[in-house]
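Here are the chains, one letter per residue:
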Amino acid sequence: ISRPKISLKYMTTRWGSCNKVKGKINLSTALLHAPIYCAEYVIVHELAHLIEMNHSKKFYSIIESVMPDYKNRRALLKKNDYIY
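Bear in mind that the values here come from a model prediction, so they are computed numbers and not experimental data.

A. Geometry of the pattern of salt bridges. Using the criterion set out here, one finds 3 salt bridges in the structure. Note that Arg 73 and Glu 40 form a salt bridge whose closest N and O atoms lie 2.7 Å from each other. Taken together, the positions of Arg 73 in helix H3 (residues 70–80) and Glu 40 in helix H1 (residues 36–48) put the pair 33 residues apart, joining distant regions of the chain. Judged by its relative accessible area of 34%, Glu 40 is partly exposed. Ionic pairing is found between Lys 58 and Glu 52, a salt bridge with its closest N-O pair at 3.5 Å. When salt bridges with common partners are traced through the structure, they connect Glu 40, Asp 69 and Arg 73 into a single cluster.

Right, here's the structure in full:
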């Protein structure tokens, strides 16, 4: 997998997005207000989309292989809702 281009973008409905064809990941500027461990989860989530484009069990096993506590991080992100 080649290194993706990463950019910050103002987004109000999602934390990040991935375009595998263009090799580009967009991260929401709202993550600047979230704890670093939540932002790390979003980054790993979007990077995993470069391998598996859906949200299947295989996709989440990829995330879990590098971030075993991803469920806790995701729950904190959803619970605290750092989007404006």
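Don't stop here, the text continues.
B. Molecular detail of the environment of Tyr 10. Following the sequence through the fold, Tyr 10 ends up in the loop between strand E1 (5–9) and strand E2 (16–19). Sequence separation of Tyr 10 and Leu 27 is 17 residues, and the distance between their C-alpha atoms is 8.2 Å.

Parameters at a glance
Residues numbered from 1 in each chain as written. Predicted model: local features only at pLDDT ≥ 70, side-chain atom pairs only at ≥ 80, totals over all residues. Heavy atoms only, no water. Salt bridge = Lys/Arg side-chain N within 4 Å of Asp/Glu carboxyl O. Helix = DSSP H or I, 4+ residues; strand = E, 2+ residues; numbered from the N terminus. Buried < 20%, exposed > 50% of the residue type's maximum accessible area, 1.4 Å probe, protein only.

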